[in-house]
Amino acid sequence: MRLKVCVQRLDSLIGRLRQCCETFPDKRRGINTTYPLADIAMAAFSAFFMQSPSFLAYQKHLAEGCGRSNCETLFGLRKIPSDNHIRDMLDPVSPALLHPVFADVLTALDRSGGLAAFRRRGRHVLIAFDGTEYFCSKEISCEHCSTRERGKDKNKTKGTGKTEYFHTALCATIVAPGHNHVVPLQPEFIRPQDGAEKQDCETRAAKRWLATHADRYAWLDPIYIGDDLYSRQPMCEAVLAAGGHFIFVCKPDSHTLVQEYIAGVRLPILNVAVKRGARRFTYRYRWLNDVPLRDGKDALLVNWFEMEIRDAAGAVTYRNSFVTDLPVNRRTVADLADSGRSRWKIENESFNTLKTAGYHLEHSFGHGRQNLAALLVTLNLLGFAFHTVCDHAEELWRLARSKASSRVQFFGRLIAITSFVVFPSWESLMQTMAYRQPPPQPP
Ligand SMILES: [Zn+2]
């Protein structure tokens with residue numbers, strides 16, 4: 001029996017993105033405005049959403065033969081611009097103009113009930129901070145590139161080093177222990193800042209992210225998670241000032257004071273026997289509340305805990321320690337450790353694709369001189385965010401995906417089928433894929 005459903009949420013998110021793109025400032029005057037700027041941005045987005053740099057080329061062929069293409073029916077484009085035109089026109093556009101759409105994604109996920117899968121203990125949502133390099137080149141650069149020297153000779157007698165240009169983004173991603181889905185939020189770009197003497201870095205970018213966006217996401221009651229880089233007092237204070245909570249990795253080597261403080265105390269211990277398949281493990285937790293994070297009277301007091309996993313033979317297979325502002329006790333410690341580890345437990349196709357997405361698709365449009373690389377990464381993240389909404393809230397999409405053995409196969413089929421047939425809507429495309437029915441007659 002067929003589901004009487006349509007892909008309403010996807011349609012409305014694509015419509016919302018288009019509305020947002022229509023607000024992009026267009027500096028062109030009079031002539032040469034054959035392609036509205038919103039069409040150009042949606043063209044770039046469509047390649048990311050369909051997970052194929054060749055999508056636009058295939059659709060151009062199709063339009064030549066059929067008079068229209070899936071770019072028009074699925075993404076609302078009137079005309080398909082060339083890659084060069086996309087590059088030139090999008091380069092001046094600030095990625096920040098796309099930020100409101102990330103919030104719309106969360107609202108859509110919440111209204112559909114999909115956000116429940118990301119809530120911890122009924123209310124908190126985990127937001128992982130993580131720096132990701134998305135561009136690197138020895139030849140191509142722009143004013144926002146960071147630089148480093150590579151291949152210097154060891155004696156530094158000659159200037160044999162080669163400058164490498166790269167771009168890094170601080171990604172803020174909603175994650176959850178227990179399943180592999182992620183929701184990317186707007187990134188903050190790590191790049192030379194106006195008037196700043198020091199080089200920009202990941203934690204500075206994270207502080208900017210909190211100052212700019214934390215209010216917008218306060219309704220999620222977020223717990224920010226991050227690696228050892230983040231467990232410093234200024235960062236923890238920035239999270240608390242933004243009304244959030246934190247669970248940050250706190251390595252013994254980089255926090256010797258914390259380590260010394262703990263060494264003198266008899267710590268509570270909780271041992272939990274865990275069975276994974278046929279194998280048995282012991283999870284051991286230790287914790288201590290109100291530990292000063294640094295020296296001095298103004299030291300922030302944090303709650304420290306450690307998790308250790310031993311196999312049946314007693315060998316340690318995992319050990320990590322964390323600091324948090326949330327109360328740690330016998331009832332909460334296992335859940336806190338699970339949350340603290342969740343970002344690093346996610347190693348599925350989706351997150352890996354997300355992490356390396358900038359590399360794959362940037363090549364099709366280029367780097368630009370101003371914002372292009374950053375804008376494309378932002379569109380790419382939005383594509384992933386839309387996929388997550390579909391994966392959680394669109395029955396027809398889910399059914400279509402369940403007919404493919406993997407994400408890669410699903411998108412491979414999507415690209416193949418749309419290369420030959422113009423579908424009047426997402427609904428008819430997903431019906432075709434979900435029920436393997438013959439495609440509709442050309443409109
Ligand atoms: Zn650059």
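Residues numbered from 1 in each chain as written. Predicted model: local features only at pLDDT ≥ 70, side-chain atom pairs only at ≥ 80, totals over all residues.

1. Some thoughts on the environment of Pro 268
- Here Pro 268 lies in the loop between α9 (256-263) and β9 (269-276).
- Separated by 17 residues in the primary sequence, Pro 268 and Tyr 285 place their C-alpha atoms 8.2 Å from one another.
- With residues near it in sequence (within four places) discarded, Pro 268 still touches Arg 286 and Trp 287. (Helix = DSSP H or I, 4+ residues; strand = E, 2+ residues; numbered from the N terminus. Contact = placed C-beta atoms within 7 Å.)

2. Points about the pairing of strand β2 (residues 124-137)
- With two bridges joining them, strand β1 (residues 119-120) and β2 adopt antiparallel strand pairing. For Arg 119, the partnering residue across the bridge sits in β2 and is Val 125.
- Of the pairings in the sheet, the one linking β2 to strand β7 (residues 222-226) comprises four bridges and is parallel in character. Bridge assignment links Leu 126 to a residue of β7, and that residue is Ile 223.
- In this structure, β2 lies alongside strand β4 (residues 162-175), joined through 11 bridges in antiparallel fashion. If you follow Asp 130 over to β4, its bridge partner there is Cys 171. (Pairing = 2+ DSSP bridges.)

3. What to know about the nonpolar core
- Formed by 119 residues in total, the largest nonpolar core has its most connected members in Ala 44, Val 105 and Leu 382.
- For this core, the element with the highest residue contribution is helix α12 (residues 372-393), accounting for 15 residues.
- No fewer than three residues from each of domain 1 (8-90 + 394-435) and domain 2 (99-349) sit in this core.
- Apart from residues lying up to four places away in sequence, Val 105 is in contact with Leu 13, Val 183, Ala 385, Phe 386 and Val 389. (Core = buried A, V, L, I, M, F, W, Y, C linked by C-beta atoms within 7 Å. Buried ≥ 20, exposed ≤ 12 C-beta atoms within 10 Å, placed from the backbone. Domains from an automatic or database assignment.)

4. Comments concerning the packing of helix α1 (residues 8-21) against helix α2 (residues 37-49)
- Look at α1 against α2: their axes get within 8 Å of each other, and the N-to-C directions meet at 135°. With respect to each other, α1 and α2 are oriented oblique. Handedness of the crossing formed by α1 with α2: right-handed. On the side of α1, the interface is formed by Leu 17, Arg 18 and Cys 21, while α2 contributes Leu 37, Ala 38, Ala 41, Met 42 and Phe 45.
- Residue composition of the contact of α1 with α2, grouped by class: seven nonpolar, no polar and one charged. (Axes fitted to C-alpha atoms, helices over the stretch in contact; angles between N-to-C directions. Parallel < 35°, antiparallel > 145°, perpendicular 65-115°, else oblique. Left-handed = near helix turned anticlockwise from the far one by under 90°. Nonpolar A, V, L, I, M, F, W, Y, C, P; charged D, E, K, R; others polar.)

5. Here's the deal with α12
- The end-to-end C-alpha separation of α12 is 31 Å, in line with the 32 Å expected for 22 residues at 1.5 Å each.
- Here α12 lies mainly inside the structure; 21 of its 22 residues are buried. (Expected span 1.5 Å × (residues − 1).)

6. Things to note about the packing of α2 against helix α5 (residues 83-90)
- Here α2 crosses α5 at 115°, and the two axes come no closer than 10 Å. Comparing the axis directions of α2 and α5 gives the class roughly perpendicular. Seen from above, α2 lies across α5 with left-handed handedness. Between α2, through Leu 37, Ile 40, Ala 41, Ala 43 and Ala 44, and α5, the contact on the second element is made entirely by His 85, Ile 86, Met 89 and Leu 90.
- Partitioning the contact of α2 with α5 into residue classes produces eight nonpolar, one polar and no charged.

7. Observations concerning helix α8 (residues 233-241)
- Listed as buried for α8 are Met 235, Cys 236, Ala 238 and Val 239. Taken down its axis, α8 places every buried residue within 155° of arc, on the same side. More than 90 degrees from the buried face of α8, the exposed residues found are Pro 234 and Ala 241.
- If you follow the buried residues of α8, they end up packed against α7 (202-213), β7, β8 (245-249) and β11 (301-311).
- Within two residues after α8, Gly 243 carries a phi angle of roughly 80°, on the positive side. (Arc of directions from axis to C-beta.)

8. Considerations on the environment of Ala 273
- One can find Ala 273 in strand β9.
- In this structure, the C-alpha to C-alpha distance between Ala 273 and Arg 310, residues 37 residues apart in sequence, is 9.8 Å.

9. Thoughts on the pairing of β4
- Here strand β3 (residues 146-150) runs beside β4; their pairing, made up of five bridges, is antiparallel. Paired with Glu 149 across the two strands is Thr 163, which belongs to β4.
- Strand direction decides the pairing type here: β4 and strand β6 (residues 188-190), joined by three bridges, are antiparallel. Residue pairing for β6: Ala 169 is matched across the bridge by Phe 189.

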